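Okay, here's what each chain looks like letter by letter:
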Amino acid sequence: MALIDVNKSCLDSISQISQHIEGAIIYLDAGCTESFQLMGAFPFLLDLGVRSVCSLENMCSLDAAVDWNASFDPARKIVIMASRLLSDAHRYVLRCLSTHRGVHCCSIFTSISEVAHSVYPDSPLGPDAYHEYETLLLQDYEELVKKCETKSGQPVDSNTQENLTFEDEGWSQFTSTEEEFPSHEASPTGKNIYKDNPRGKRVDLGRRLIVSVHHFPMILCPFSPRVFVLPSEGSVAEACLSAEHEDSLSAGLPSLSTGLPSDGDEVPPAATLTAHFLYHLAAKMDLKMEIFSLGDLSKTVGKILTDMSSLYDVGRRKRTVGLLLIDRTLDLLTPCCHGDSLVDRMFSSLPRKERTSSSASIKGSQAQLKLGPSSLERAPLEVQIPIGKIITEEDSNIDDSRLSDCIEAFLCGWDSYNSASQMVDLINFSEKTSNEKLCPAELLKGSLVSTENFRGTPYLEAILDRTTKDGAILVKKWLQETLRQENITINVRTRPGFASKSELQPMIKALAKSQSSLIRNRGIIQLATAALYALDESCSARWDAFISAEKILSVNAGDTSQSLVAQIGDLINKSAFAGSDGKKSGKMELSQGLLSFQDALLLTITGYILAGENFPTSGSGGPFSWQEEHFLKEAIVDAILENPSVARLKFLHGITQELEANLNKTKADKTKETSTDQLDIDDFDDDQWGKWGDEDEDNDSKEQAYDDMQLKLELRDRVDNLFKHLHKLSSLKSKNVPLREGPLAFESNLSSNPYTNKGLLYKLLTKILGKYDVPGLEYHSSTVGRLFKSGFGRFGLGQAKPSLADQNAILVFVVGGINGVEAREAQEALSESGRPDIELILGGTTLLTPDDMLDLLLGQSSYI
């Protein structure tokens, strides 16, 4: 029986639509681009005969001129792949079709199923969603073409822009401009694609255009054959996981699992989309699921999945896989802490690609005002590895001046078939980069690709299963083996059992010296460069400082509440001092090893979660006494007053500018007092005339003092709201029913005990594979199982409840997200169980870093 390989299944799904994409221009939205980049699908698309791959959100008329397969015929076929709802992608699809008016066939593939479109609250489409969208798209396209052309068939002047609003259909506003709807299609030959219509008359493009919508569920981001998350800019990942109420923490996290029915009957949008994604993922991989859930939202997802099953699905001969759904809020401590994972260090230190578009701009403004934030912004998964900084070293063989000339010659190549204005813009850009002394090699950035491997072993898969030290040593070993294959000799002193920047950097530079070697070994070069930046002192010092602080908090949590409060307060005071000291010196960057105020807030969150696990709730509603919490409040108020610009968090919205103005005035007053004290005023002691006008100054000072007092009172109210939010975090163990008793009633994840030092996922898998009972773990019966239970059960033909440990494949999906530490610990739990026959696949809503958790709990999407 073949092993389950998520990455291979994604590529196989692409090959199954080869008849649609052969000879077509493919437009990918941001989520699909992220997915295809990570799975390494772009070379695969080239082999399938794709003309070019372009960005849907950033499309232009020149896209048709880029042809990977040297086809001189104008493109007649477009394929659009979207990870969003059709209503969200509509404005971009319409702009794409209006730009390429010579297209005869448009195939749209969306990762959201037809049923999910019909049940999603913000979708205007009905049960026959795909057919409805095909009709609406053709109508809107024909209407737009009519508005953009005159009777003679020429485009209207750019001053007469038309706005198309689809209020009745719920579409986003779309603005047509001359740039977005050019009159002639750009092609490799530079000819007008409307040569079959020489008179320039407007043809009925709506009738000629063939639009078809299909479902393509395999839009996901695989880090390895058995670890995946969802695209950060896809509708599933951006959908809200909880509505705002007393047991919810953030729109990006499930509510606390209290076991009580929710106030309303509405199901969170993300629950519906997640259930449909998992259902079609299993169907595409020909798997039959036995569904188990832990947590309130996971139970909701499990129920939706069970309702979607049918007698036909259950009766088919498929491979059985156990699906385990887990709420992220059952364990917030693990993603908040800085664990021993090289992958987590990479994603925390490397810069990310900027989001293509914000979710707020895609949703209609009226829907935003009526329904509130219906989606959230996740951090992009695509990292930008600055390989160019290593290539541009002095001993690099790449001739940057020659490369600049090649780029300028390439830009000049457009002169034959493009307008003069476009040519001027490109040349100006070339001159700008030359004047700013930006070497083209410095613009070279890499990214992580899960299919890159060393002798059949995927790089990312091997790194995910190892700690930071072991992962770095393995990267060094791969570099040494690659250098040996390339017959490259370098003089570098290496130490066995250790990997440092001084060892990795010369090896990377040696492999990147020649362009052929750079291309041939791009996989290990990109991974090694990412590891190099993660291990750099500027990044590792902050990470290690976090680890040290988290260990100290854990030790104090095992002692007394007073010692834990004192430690948290000390971290806040130190961060405030470091920030103010940095401002005085004119340097905004903190010294190595020093933590910022945001870092101190993240540690405060960690401290409150630890306190909730170790200390009983006091009369103030939190884990600390009133006096202890008052001490922390004053420390945070003083830190914000001293450095207000550092913490641009949600609970400070509306008063940040006032706080900055107050700080500037305080500094100005101190400077004025200092200069006044230096004046010699002894000669004016007897002069009484200088007292005139003092009454006005006194009034101004009183008004200013009143304003300062009002500002401080407002700030204290905001800080009080912050601590109410922290009280929710401290109640995770008491309110989450599965954590109150049984084997999951865990101690601190940061203690010295090898077992309690692990996260919830490790403990849960250990108990399940050991066939222990787990309180709160619910099994969702299939259709046949419910039939046996309700009908044939009375005759003694009832169906026995299956066990996850009996399955030969287990798919664990964490609703809310996972991190690298959990991926490693899940494999450790499997290997320690003595069950090598079990395949374990781990998935999640997104990849979480500690900074992402701070944004979820205190940022825009938090319910603070």
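Residues numbered from 1 in each chain as written. Predicted model: local features only at pLDDT ≥ 70, side-chain atom pairs only at ≥ 80, totals over all residues. Heavy atoms only, no water.

Under an unreviewed UniProt entry, the name given to the protein chain is Sec1 family domain-containing protein MIP3 isoform X1, and the organism recorded is Theobroma cacao.

**Quick notes on helix α25 (residues 537–557)**
The condition that has to hold: Only DSSP runs of H or I with at least four residues qualify as helices, and only runs of E with at least two residues qualify as strands; both kinds are numbered from the N terminus onward. In this analysis, the expected span of each helix is defined as 1.5 Å times one less than the number of residues it contains. Type-normalised accessible area, obtained with a 1.4 Å probe on protein chains alone, sets the label of each residue: buried when under 20%, exposed when over 50%, and partly exposed for intermediate values.
Here α25 contains 21 residues, and its C-alpha end-to-end distance of 29 Å stays within 8% of the 30 Å for a straight helix at 1.5 Å per residue. All of the buried residues in α25 are Ser540, Ala541, Trp543, Ala545, Phe546, Ala549, Glu550, Leu553, Ser554, Asn556 and Ala557.

**Points about the packing of aromatic side chains**
This is how it is decided: Whether two aromatic rings pair depends on their centres lying within 6.5 Å, for rings of Phe, Tyr and Trp, where Trp uses its six-membered ring; planes under 30 degrees apart make the pair stacked, over 60 edge-to-face, and the rest tilted. Note on geometry: a ring has a charge over it if NZ (lysine) or CZ (arginine) is within 6 Å of the ring centre and within 35 degrees of the ring normal.
Under the defined criterion, the tally for this structure stands at nine aromatic pairs. Measuring from centroid to centroid gives 5.9 Å for Tyr608 and Phe723, while their planes differ by 75 degrees, and the two rings are edge-to-face. Of the two residues, Tyr608 sits in helix α27 (residues 597–614) while Phe723 sits in helix α30 (residues 694–730), which places them 115 residues apart along the sequence. We classify Phe723 as buried; its relative accessible area is 1%. Site record: aromatic cluster; members linked through ring pairs are Phe228, Phe277 and Phe813. Looking at Lys758, its charged tip hangs above the ring of Tyr762, at a distance of 5.3 Å from the centre. The positively charged end of Lys767 is found above the aromatic ring belonging to Tyr772, 5.0 Å away from the centroid.

**Focus: the pairing of strand β4 (residues 105–110)**
Consecutive residues of a regular strand have side chains that alternate between opposite faces of the sheet. What counts is decided by this rule: In this analysis, strands are considered paired if DSSP registers two or more bridges between them. By convention a crossover is right-handed if, when the strands point away from the viewer, the path from the first strand over the helix to the second runs clockwise.
The element β4 is largely enclosed, with a buried count of five among its six residues. Bridging between strand β3 (residues 77–82) and β4 involves six bridges; their strand directions are parallel. When the bridges of β4 are listed, Ile78 appears paired with Cys106. Viewed along the sheet, the connection from β3 through helix α5 (residues 86–99) into β4 turns out right-handed.

**A look at the packing of α27 against helix α35 (residues 850–858)**
Cut-off, in case you're wondering: Only C-alpha atoms enter the line fits that serve as axes; for helices the fit covers just the stretch in contact. Angles between N-to-C directions range over 0 to 180 degrees. Angular relationships are summarised with four words: roughly parallel below 35 degrees, roughly antiparallel beyond 145, roughly perpendicular across 65 to 115, and oblique for the angles in between. Working rule for contacts: check all heavy atoms of both residues, and any pair within 4.5 Å makes them a contact. Classification used: nonpolar for Ala, Val, Leu, Ile, Met, Phe, Trp, Tyr, Cys and Pro, charged for Asp, Glu, Lys and Arg, polar for all others including Gly.
It is at 10 Å that the axes of α27 and α35 come closest, and there the two elements cross at 80 degrees. Judged on the interaxial angle alone, α35 and α27 are roughly perpendicular. Contact with α27, carried on its side by Gln598, Leu601, Leu602 and Ile605, involves Pro850, Leu854, Leu857 and Leu858 of α35 and no other residues of that element. Residue composition of the contact of α27 with α35, by class: seven nonpolar, one polar and no charged.

**Quick look at α27**
With 18 residues, α27 should cover 26 Å at 1.5 Å per step; its first-to-last C-alpha distance of 25 Å lies within 8% of that length. Among the 18 residues in α27, 16 count as buried, and that is most of the element.

**Quick notes on the side chain of Ser107**
Inclusion rule: Each polar contact in these results corresponds to two N or O atoms within 3.5 Å; when the atoms are within protein, one needs to be able to donate a hydrogen and the other to accept it, and residues that are neighboring in sequence are counted only if both atoms are side-chain atoms.
Tracing the backbone shows Ser107 in strand β4. For Ser107, the side chain forms a polar contact with the side chain of Ser212, separated by 3.5 Å. Among all residues touching Ser107, those that are not within four sequence positions of it are His20, Ile78, Val79, Ile80, Ser212 and His214.

**Section: the pattern of salt bridges**
Inclusion rule: Counted as salt bridges are all cases of a side-chain nitrogen of Lys or Arg within 4 Å of a carboxyl oxygen of Asp or Glu.
What the rule picks out here adds up to 30 salt bridges. In this structure, Arg84 and Glu233 form a salt bridge, with 3.7 Å as the shortest nitrogen-oxygen distance. Here the residue Arg84 occupies a position in the loop between β3 and α5, and Glu233 occupies one in the loop between β9 (227–229) and α9 (235–238), the gap between them amounting to 149 residues. Judged by relative accessible area, which is 3%, Arg84 ranks as buried. Since its relative accessible area comes to 4%, Glu233 is described here as buried. Note that Glu828 and Lys758 form a salt bridge whose closest N and O atoms lie 2.8 Å from each other. Residue Glu828 is found in helix α34 (residues 820–832), and its partner Lys758 is found in the loop between α31 (732–735) and α32 (760–769); the two are separated by 70 residues along the sequence. One salt-bridge network, held together by shared partners, links Arg84, Glu233, Glu238, Arg355 and Glu377.

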